[in-house]
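# Descriptive structure summary
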Amino acid sequence: MGAPLLQPVVFRTMPDITDPHPRSGDATTPEDKLDILLVVIEKSRLSLENKIDVVAADLTLFHADHRKLSERVHKTEQSLAALQSQTHTVETQLTQFTEKICLLEERADDAEGQSRHKTIHVAGLLENTEGQEAVVYIEQWILEARKMADLTLNSARVMLFPGYTLAAQHQRGSLLSIKCHLDTKYSLLFPAKFSVQLDGKSYFTDPKEAWDWIDTLGTASQRPS
C-alpha cells in the first residue's frame with residue numbers, strides 16, 4: 001500500500017466585520033457569514049452580560065437601601081404611636097386638671113365673696129376723719145348715714161357700696177343684664193347667683209345657662225345678641 005495522499009489545507013481569513021463596506025473583490029462564503037454572525041452574537045452577549053451585572057449591582061444597593069428605609073419607617077411609626085398614646089393621656093389629664101382648677105377658682109371666689117358678706121366699700125370719706133377710734137366712729141357714722149337721703153361729710157359726698165369682689169361685680173353685672181328681657185319674677189342673691197321663680201326656683205351663676213333655661217320656658221323676649 002502506498003503512502004496516503006495529503007489533502008490540501010485551506011486557510012480562511014476572518015473578514016473584518018468592523019468594515020461596513022467590504023471591498024467588492026472580497027468573496028464571502030456562507031461559512032464566513034456564519035462566523036461573522038457568531039462573533040457579533042458573542043460580542044452582544046458579553047455587552048449584555050456587563051450591563052446586566054451593572055443593573056444587578058444597582059438592584060442590590062437599592063434593596064439594601066430599601067430595607068434600611070423600611071426599618072426606619074417602622075421605628076418612626078412605633079415612635080409616633082407611642083407619642084400619640086402619650087399625647088392622649090396628657091390631653092385627658094389636662095382636661096381633668098382644667099376642670100379641677102375651674103372648680104377651685106369658683107370655690108375660692110365664692111369663699112372670698114362670702115367673707116365679704118358684711119363688708120361695705122366707702123367712697124369719698126377723707127383720710128384721718130375717723131380719728132383714733134376708727135371702728136367706733138365708722139359704726140356711729142353708718143348708723144346716722146342710713147337715715148340720710150344724701151350722704152355728706154364736711155361738704156363732701158360719701159357713697160356706700162357692697163363689698164363685692166371684682167369677679168363678683170362682673171358676674172352680677174352680666175346676670176343683671178337678663179332682667180330687662182325677663183317677664184318672670186327673679187332675684188339676685190349674694191354674691192352672684194341669679195334666681196328665677198316659676199313653678200319653683202332655679203339658680204344660675206352663668207348667664208348663658210340662665211338664658212338657655214329661660215328659652216325653654218318661652219317667658220322672655222328675644223335674647224340679646
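Thresholds applied
Residues numbered from 1 in each chain as written. Predicted model: local features only at pLDDT ≥ 70, side-chain atom pairs only at ≥ 80, totals over all residues. Heavy atoms only, no water. Helix = DSSP H or I, 4+ residues; strand = E, 2+ residues; numbered from the N terminus. Buried < 20%, exposed > 50% of the residue type's maximum accessible area, 1.4 Å probe, protein only. Contact = heavy atoms within 4.5 Å. Areas by Shrake-Rupley, 256 points an atom, 1.4 Å probe, with all protein chains shown as cover. Salt bridge = Lys/Arg side-chain N within 4 Å of Asp/Glu carboxyl O. 1 Å grid on protein atoms, 1.4 Å probe; cavity = no way out; pocket = protein on both sides within 12 Å on 5 of 7 lines; lining within 4 Å. Points joined across faces, edges and corners; volume = space filled by probe spheres on them. Nonpolar A, V, L, I, M, F, W, Y, C, P; charged D, E, K, R; others polar. Core = buried A, V, L, I, M, F, W, Y, C linked by side-chain atoms within 4.5 Å. Patch = residues over 30% accessible without salt bridge, like charges linked within 9 Å, V, L, I, M, F, W, Y side chains within 5 Å. pLDDT = per-residue confidence, 0-100. Arc of directions from axis to C-beta. Lys, Arg positive; Asp, Glu negative; His and termini not counted. Charge placed at Lys NZ, Arg CZ, Asp CG, Glu CD.

Before going further, it helps to examine the overall build of the chain. A count of helices and strands for the chain gives 4 helices and 7 strands. Ordered by position from the N terminus, the helices and strands of the chain form the series α-β-α-β-β-β-α-β-β-β-α. Expressed as a percentage of the 225 residues in the chain, the buried residues total 12%. Long-range contacts, defined here as pairs at least 24 residues apart, represent 43% of the contacts in the chain between residues at least 6 apart. With an accessible surface of roughly 18500 Å², the chain has 58% of that area assigned to carbon and sulfur atoms.

With that settled, the discussion passes to the pattern of salt bridges. Evaluation of the coordinates by the stated rule reveals 2 salt bridges. Linking E42 and R45 is a salt bridge whose minimum nitrogen-to-oxygen distance equals 2.4 Å. In this pair, E42 and R45 both sit in helix α1 (residues 30–115), 3 residues apart, roughly one turn of the helix. E42 gets classed as partly exposed once you look at its relative accessible area, which sits at 36%. The exposure class of R45 is partly exposed, given its relative accessible area of 35%. Two residues, R45 and E49, come together in a salt bridge whose shortest N-O distance is 2.5 Å. Remark: E49 and R45 occur in helix α1; sequence separation between them is 4 residues, near one turn of the helix.

The subject of this paragraph is the layout of surface pockets. Here the largest pocket defines a volume of roughly 410 Å³. As for the largest pocket, its lining consists of 16 residues, of which E106, D109, Q171, A192 and T205 are closest to the centre. Contributions of two or more residues to the lining of the largest pocket are made by α1 and α3 (166–176). Residue contributions to the lining of the largest pocket peak at 7 residues, all from α1. When the residues that make up the lining of the largest pocket are grouped by side-chain class, the tally is 6 nonpolar, 5 polar and 5 charged.

Counting residues in hydrophobic clusters, the biggest one holds 7 residues: L175, I178, F194, V196, F204, A210 and W211. At the level of elements, β6 (193–197) and α4 (207–217) are the ones that each hand at least two residues to this core. Apart from residues no more than four positions distant in its own chain, A210 is found in contact with I178 and F204. By size, the runner-up hydrophobic cluster in this structure holds 5 residues, among which are W141, A145, L151 and V158.

A surface patch of nonpolar side chains, amounting to about 380 Å² of accessible area, comprises L34, L37, L38 and I41. Mapped onto the elements of the fold, I41 is located in helix α1. Judged by its relative accessible area of 47%, I41 falls in the partly exposed class.

For the rest of this paragraph, the subject is the confidence of the model for the chain. Chain-level statistics for the chain give a pLDDT mean of 76 and a share of 77% at 70 or above. No element of the chain has a lower mean pLDDT than strand β7 (residues 201–204), at 69, and none a higher one than α1, at 89. A low-confidence stretch, residues 3–15 (pLDDT under 50), is modelled with 7 contacts involving residues beyond four sequence positions or located in other chains.

Right, let's talk about α3 for a bit. Turning to α3, its buried residues number three or more, namely A168, R172 and L175. Down the axis, α3 shows its buried residues gathered within 65° of arc, on one side only. Looking at α3, the residues exposed on the side facing more than 90 degrees away from the buried face are L166 and H170.

Moving on, we come to a negative patch on the surface. On the surface, a cluster of negative charge is made up of E105, E106, D109 and D110. Topologically, E105 is positioned in helix α1. By relative accessible area, E105 is classed as partly exposed at 47%.

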